[in-house]
Amino acid sequence: MTNLYCARWILPIASSPIEDGAVAVDGSSIVGVGSRDKLIARFSQSLIQDFGEAAILPGFVNTHSHLELTAMRNYLEHEEGDFFAWLKKLTVARLERMTPDDLYVSAAWGAVEAARAGITCMGDASDSASSSMRALRDVGLRGIVYQEAFGPDPARARENFEILQEKVVRLKEYETTLVRVGASPHAPYTVSAPQLELITEFALEENLPVMMHAAESRAEELFMLEGRGAFAEGLARRGIEWHAPGISSIQYLARHGVLRSRPLLAHCIHVDEADIETIKDTDARVAHCPKSNAKFGHGRAPFARFIGQGIKVGFGSDSVASNNTCDLLEEARFALLTSRATEGLSASMQILNAETALQTATLGGARSLSLESQTGALIEGAQADIVAVALNGAHQIPLYDPKPALIFASSGRDVLMTMVAGRVVFSEGRVQTVDEERLRARLKEIRDKLS
Ligand SMILES: [Zn+2]
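Residues numbered from 1 in each chain as written. Predicted model: local features only at pLDDT ≥ 70, side-chain atom pairs only at ≥ 80, totals over all residues. Heavy atoms only, no water.

Visitor: Is there a simple way to think about the overall build of the protein chain in this case?
Guide: Per the secondary structure count, the protein chain includes 17 helices and 17 strands. Since a compact globule built from 451 residues should have a radius of gyration of about 22 Å, the 21 Å found for the protein chain is in line with a globular shape. Buried residues in the protein chain amount to 60% of all 451 residues. Long-range pairs, those at least 24 residues apart, make up 72% of the contacts in the protein chain with a sequence separation of at least 6. Accessible area for the protein chain stands at about 17400 Å²; split by element, carbon and sulfur atoms hold 50% of it. Of note, the protein chain has its 46 positive side-chain charges centred 2 Å away from the centre of its 58 negative side-chain charges. (Helix = DSSP H or I, 4+ residues; strand = E, 2+ residues; numbered from the N terminus. Rg over C-alpha atoms; globule rule 2.2 N^0.38 Å. Buried < 20%, exposed > 50% of the residue type's maximum accessible area, 1.4 Å probe, protein only. Contact = heavy atoms within 4.5 Å. Areas by Shrake-Rupley, 256 points an atom, 1.4 Å probe, with all protein chains shown as cover. Lys, Arg positive; Asp, Glu negative; His and termini not counted. Charge placed at Lys NZ, Arg CZ, Asp CG, Glu CD.)

Below, the structure is given as structure tokens:
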């Protein structure tokens with residue numbers, strides 16, 4: 001049975017907008033994209049759903065999240081001025097105070113929030129990856145869950161690597177057609193060079209997607225260039241010797257072969273021209289997380305330079321502990337506004353426009369995760385990962401052009417329907433796949449325990 005979804009606007013992303021258009025879906029795939037009249041004639045037996053004054057477009061791709069930390073939204077506000085203290089409080093809460101079921105509920109609520117905001121695909125970094133994989137599966141989203149690895153002591157590199165290897169092998173059991181496992185050596189200041197090399201070799205052999213935090217903070221830069229600051233002091237307290245390489249995080253990852261795995265690099269704020277060249281030459285990808293970066297005061301990644309260089313870049317919400325929402329339309333707007341605020345409008349107009357932002361939030365994200373053959377655009381044969389976004393709110397009318405209306409005047413709260421692989425995940429104001437009320441009640445219990 002073919003279903004036809006109609007709206008005033010269809011935004012395929014890979015091709016021009018269609019006014020009074022439709023998308024035809026059969027099973028998990030898109031089987032037609034075009035004008036409403038033509039598709040009704042072509043699929044005359046289909047069921048029709050008309051969203052009216054709305055846009056239908058590919059689902060948003062959130063390239064960087066930590067779903068398991070959703071229960072820590074608004075929890076770490078007092079530690080934000082000290083990134084080291086922030087990471088420490090978070091780690092203690094996650095490892096010592098949250099049960100496996102708490103982590104699952106936290107991740108599932110994060111997936112609910114994402115589905116409500118029209119996000120159909122996630123790149124999620126997780127310490128308890130099985131929780132995040134189950135959460136994505138239960139809510140019905142697509143994604144890659146990167147099992148995190150830590151271990152700054154080079155003497156324990158092999159031991160730590162073997163723990164990761166074992167976890168990844170076990171996580172393969174949770175894989176579905178929608179959810180894959182990957183590996184994430186956490187950051188250059190939490191994983192030793194020999195461990196980075198072992199993980200990279202393993203990922204290359206196993207064809208495992210890799211993501212890593214890189215060039216995020218001034219503290220990380222000091223650690224790499226001069227061996228000073230909070231991260232260096234943290235290692236010294238644990239008796240771990242650190243000889244600063246005197247090069248940037250990006251060059252360090254290149255030196256140790258990590259970039260051969262074409263990793264997704266979250267943040268990339270403290271990068272110079274040589275680093276941008278290296279990212280481009282190695283086909284590494286960038287998860288641009290402008291709201292999280294601004295909230296921490298870490299700075300702003302050179303988004304326009306990445307796009308201008310043809311680097312694969314998507315938006316990431318990062319965890320809601322540092323954002324505090326998971327909403328890619330909001331992320332896209334913030335990316336454009338902050339870039340224009342600092343780079344000027346006329347100089348950046350070609351790149352920093354609603355069209356590029358919408359592309360980055362969808363197809364750009366899919367490319368960053370190497371999932372562009374499945375998702376990110378409305379094309380015949382692609383997976384039916386689709387959202388309908390209302391365009392008739394008081395904050396959106398009158399409407400002259402749907403793309404700027406989406407980027408500059410809309411948010412995830414305007415989403416009417418979210419579909420992943422042909423299955424409706426969110427519609428009529430509620431997530432259809434899980435018991436939202438039960439999760440909401442459990443989340444409150446976790447809040448009471450953590451506070
Ligand atoms: Zn992160």
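Now that the structure has been shown, we can carry on.
Visitor: For this particular structure, what's the right way to read the packing of aromatic side chains?
Guide: Note on aromatic pairs: each is described by the distance of the centres and the angle between the planes. A full pass over the atoms with the stated rule returns 12 aromatic pairs. Ring geometry for Phe83 against Trp86: centres 5.9 Å apart, planes inclined by 25°, an arrangement best described as stacked. Note that Phe83 and Trp86 are positioned in helix α2 (residues 83-97) at a spacing of 3 residues, about one turn of the helix. By relative accessible area, Phe83 is classed as buried at 12%. Ring geometry for Phe83 and Phe296: centres 5.0 Å apart, planes at 70°, overall edge-to-face. One end of the pair, Phe83, is in helix α2; the other, Phe296, is in helix α11 (residues 290-296), and 213 residues separate them in sequence. What makes Phe296 buried here is its relative accessible area of 12%. Members of the aromatic cluster, each reached through a chain of ring pairs, are Phe83, Phe84, Trp86, Tyr189, Phe223, Phe231, Trp242, Tyr252 and Phe296. Directly above the ring of Tyr75 sits Lys89, whose terminal nitrogen or CZ lies 4.3 Å from the centroid. Across the ring face of Tyr104, the terminal group of Arg134 is positioned such that the distance to the ring centre comes to 4.3 Å. (Phe/Tyr/Trp six-rings, centres within 6.5 Å; stacked < 30°, edge-to-face > 60°. Lys NZ or Arg CZ within 6 Å of the ring centre and 35° of its normal.)

Visitor: Help me understand the coordination of the zinc ion in this model?
Guide: Coordination angles at a metal have ideal targets, namely 109.5 degrees for four tetrahedral donors and 90 or 180 degrees for six octahedral donors. Those donors, His64 (NE2), His66 (NE2) and His213 (NE2), are the protein atoms that reach the zinc ion, and they lie 2.1 to 2.2 Å from it. Taken in chain order, the donor set of the zinc ion reads H-x1-H-x146-H. Within this pair, whereas His64 is found in strand β6 (residues 60-65), its partner His213 is found in strand β10 (residues 211-214), the two being separated by 149 residues in sequence. Pair check on accessibility: His64 and His213 agree, each one buried. (Donors = N, O, S within 2.8 Å, 3.2 Å for Na, K, Ca; no water.)

Visitor: Quick question: what am I supposed to make of the packing of helix α5 (residues 157-171) against helix α6 (residues 193-206) here?
Guide: Two packed helices can be described by the angle between their axes and the distance between those axes. Packing of α5 against α6 leaves a shortest axis separation of 9 Å and a crossing angle of 30°. On the basis of the axis angle, α5 is roughly parallel to α6. Here α5 and α6 pass one another in a crossing that is right-handed. Each of Ala157, Arg158, Asn160, Phe161, Leu164, Gln165 and Val168 in α5 lies in contact with α6, whose residues at this interface are Pro194, Gln195, Leu198, Ile199 and Phe202. Broken down by class, the residue content of the contact of α5 with α6 amounts to 8 nonpolar, 3 polar and 1 charged. (Axes fitted to C-alpha atoms, helices over the stretch in contact; angles between N-to-C directions. Parallel < 35°, antiparallel > 145°, perpendicular 65-115°, else oblique. Left-handed = near helix turned anticlockwise from the far one by under 90°. Nonpolar A, V, L, I, M, F, W, Y, C, P; charged D, E, K, R; others polar.)

Visitor: For this particular structure, what's the right way to read the pattern of salt bridges?
Guide: Side chains bearing opposite charge may pair, as long as their charged atoms lie close to each other. The tally for this structure, following the rule as stated, stands at 35 salt bridges. Between Arg8 and Glu53 there is a salt bridge; the shortest N-O distance is 3.3 Å. You can see Arg8 sitting in strand β1 (residues 2-10) and its partner Glu53 sitting in the loop between β4 (47-50) and β5 (54-58), a full 45 residues away along the chain. Judged by relative accessible area, Arg8 falls into the partly exposed class, the value being 25%. Since its relative accessible area comes to 37%, Glu53 is described here as partly exposed. Taken together, the shared-partner salt bridges connect Asp101, Asp102, Arg442, Glu445 and Lys449 into one network. (Salt bridge = Lys/Arg side-chain N within 4 Å of Asp/Glu carboxyl O.)

Visitor: What is the right way to read the pairing of β1 from this model?
Guide: Along β1, 7 of the 9 residues are buried, which leaves the element largely enclosed by surrounding structure. The pairing of β1 with β4 spans 4 bridges and is parallel. Bridge assignment links Tyr5 to a residue of β4, and that residue is Gln49. Strand direction decides the pairing type here: β1 and β5, joined by 2 bridges, are parallel. (Pairing = 2+ DSSP bridges.)

Visitor: Would you mind showing me how to read unusual backbone geometry here?
Guide: For residues other than glycine, phi is negative in most cases, and the peptide bonds are mostly trans. The linkage connecting Asn323 with the following residue, Asn324, adopts the cis geometry, with an omega of 10°. With respect to the secondary-structure elements, Asn324 resides in the loop between β13 (313-315) and α13 (328-343). Omega for the bond connecting Ile397 with Pro398 falls within 30 degrees of zero, at 0°, which places this linkage in the cis form. Topologically, Pro398 is positioned in the loop between β14 (386-390) and α16 (402-409).

Visitor: Would you explain the side chain of Lys291 in this entry?
Guide: Here Lys291 is to be found in helix α11. Residue classification places Lys291 among the buried residues on the basis of a relative accessible area of 11%. In terms of polar contacts, Lys291 uses its side chain to reach the side chain of Asn323, at 2.6 Å. (Polar contact = N/O pair within 3.5 Å; in protein donor to acceptor, adjacent residues only side chain to side chain.)

Visitor: When you look at the packing of helix α3 (residues 100-116) against helix α4 (residues 129-139) in this model, what are you seeing that I'm missing?
Guide: Running from amino to carboxyl end, α3 crosses α4 at an angle of 45°, the nearest separation of the two axes being 8 Å. As judged from the angle between their axes, α3 and α4 are oblique. Considering how the two elements wind past one another, α3 and α4 form a crossing that is right-handed. Within the contact between the two elements, α3 uses Pro100, Leu103, Tyr104, Ala107, Ala108, Ala111, Val112 and Ala115 and α4 uses Ser131, Ser132, Arg134, Ala135, Leu136, Asp138 and Val139.

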